[in-house]
Amino acid sequence: MDFGIVTAKVDEIGYITHAENLGYSHCWVTDSLMIRSSCWAVLALAAQQTRTMRLGTGVNVPGLRLAPAAANGIATINRLAPGRCFISLGTGHTGMRMLGQKPMRLGPFREYVQVVRALLDGEEVDYSLNAETHRIRFQMREHRFIDLEHRIPLYIAGYGPKAQALAGEVADGLVSGLPRGGTVPDMLANARRGAARAGRALPADFYTAAMATLALRQPGEAPSSERLIAECGAAVISGLHYLVARHLETGEDPPEYARPVWTGYMDWLNQAPPELRHQRLHGSHFSFVDPDEARFITADLIKASCLCGTPEELVEQVQALERHGLSQIMLYPPLNRQYRVIEDFAGKVMARL
């Protein structure tokens, strides 16, 4: 099992190097223009300051840039950290919704992914823009502005069956979340269906990474203690943000574990004017526990959203996930606890594996 961190703060590259020294193998940099630093700036600095850590996006949002720009971005970072880079692409949950827009539909997303993959493979590809289609490829490669010689794996972020199947069809791996993306066997079954649809077997090295929130409990500690809420509350409430966004767009009902707080949370959200509701919904995204939202974090919400337990129990949970086929767990702690969380997990869980 690999372990990675998720981050996106340009003036805290030391956090990334600290994670590398603790044994974390991957750094995933988010792509939300309205709330985060530029992913390319963070990755460029991280490439200069790390030695072995694999670096990439977690995840790039197609609606924010053209496919050739995304391919160029990661190929440029690959010039700084050759052979250590990857790119992951998703339809754009937060990155697009912070603009008041919906994520990209799967049809255009598939085309976007195929263009990025072809360009990173050094191929010439048909590219359509503004109702015109032309052949494009990276040129002047002999001058080494970018690096395509060291292959860049491409992963697809998917929480539903269709996106997970697309990963099996066209990508090198799947990025998802626990438990929102389903169980690991479910994820892999969906990916295999996509691979079969493309006439291929799922590659033996197909990579599966999942973002998981840890609730590392101390002996006798309540499952919704003040300390646990401080450490995992930002991620727990961000999961609720996703459920609310889905409900607003599709009318989808919340899962059982969210229903006790649902009406109160929607009342709080609707205090904002409709034109600003998207800002309020994602305002604390994976960064801090908003005091106004903390009251909605319950023990049931934590249990349903997190890997929760003592160090010994977490070791067992991680080992089970590995047996089921998960390749990596990604950690995304809140800003004011990020060093402590990755240190505790490295010392109390990773060291036992």
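Cut-offs applied
- Residues numbered from 1 in each chain as written.
- Predicted model: local features only at pLDDT ≥ 70, side-chain atom pairs only at ≥ 80, totals over all residues.
- Heavy atoms only, no water.
- Helix = DSSP H or I, 4+ residues; strand = E, 2+ residues; numbered from the N terminus.
- Contact = heavy atoms within 4.5 Å.
- Areas by Shrake-Rupley, 256 points an atom, 1.4 Å probe, with all protein chains shown as cover.
- Salt bridge = Lys/Arg side-chain N within 4 Å of Asp/Glu carboxyl O.
- Buried < 20%, exposed > 50% of the residue type's maximum accessible area, 1.4 Å probe, protein only.

1. Side note on the overall build of the protein
Helix and strand counts for the protein stand at 14 helices and 12 strands. Expressed as lengths along the three principal axes of its C-alpha atoms, the size of the protein is roughly 60 × 45 × 40 Å. For the protein, restricting intrachain contacts to residue pairs at least 6 apart in sequence, the fraction spanning at least 24 positions comes to 71%. Approximately 15700 Å² of the protein is accessible, and the part contributed by carbon and sulfur atoms is 50%.

2. Brief notes about the pattern of salt bridges
Evaluated as defined, the whole model comprises 20 salt bridges. A salt bridge links E149 to R141; the nearest nitrogen and oxygen atoms lie 2.9 Å apart. Take E149: its relative accessible area is 54%, and that puts it in the exposed class. The network of salt bridges with common partners includes R117, D121, R151 and D172.

3. Observations regarding unusual backbone geometry
Here G58 and V59 are connected by a cis peptide whose omega angle stands at 5 degrees. Tracing the backbone shows V59 in the loop between β3 (54–57) and α3 (67–80). P179 follows L178 through a cis peptide bond whose omega is 0 degrees. Positive phi is not limited to glycine here, since N130 has a value of about 55 degrees.

4. Brief notes about the environment of L22
Relative to the helices and strands, L22 resides in helix α1 (residues 13–22). In this structure L22 comes out as partly exposed when scored by relative accessible area, which is 28%. L22 sits 84 residues away from L106 along the chain, and the two C-alpha atoms are 38 Å apart. Not counting the four nearest positions on each side in its chain, L22 is found in contact with I342, E343, A346 and M350.

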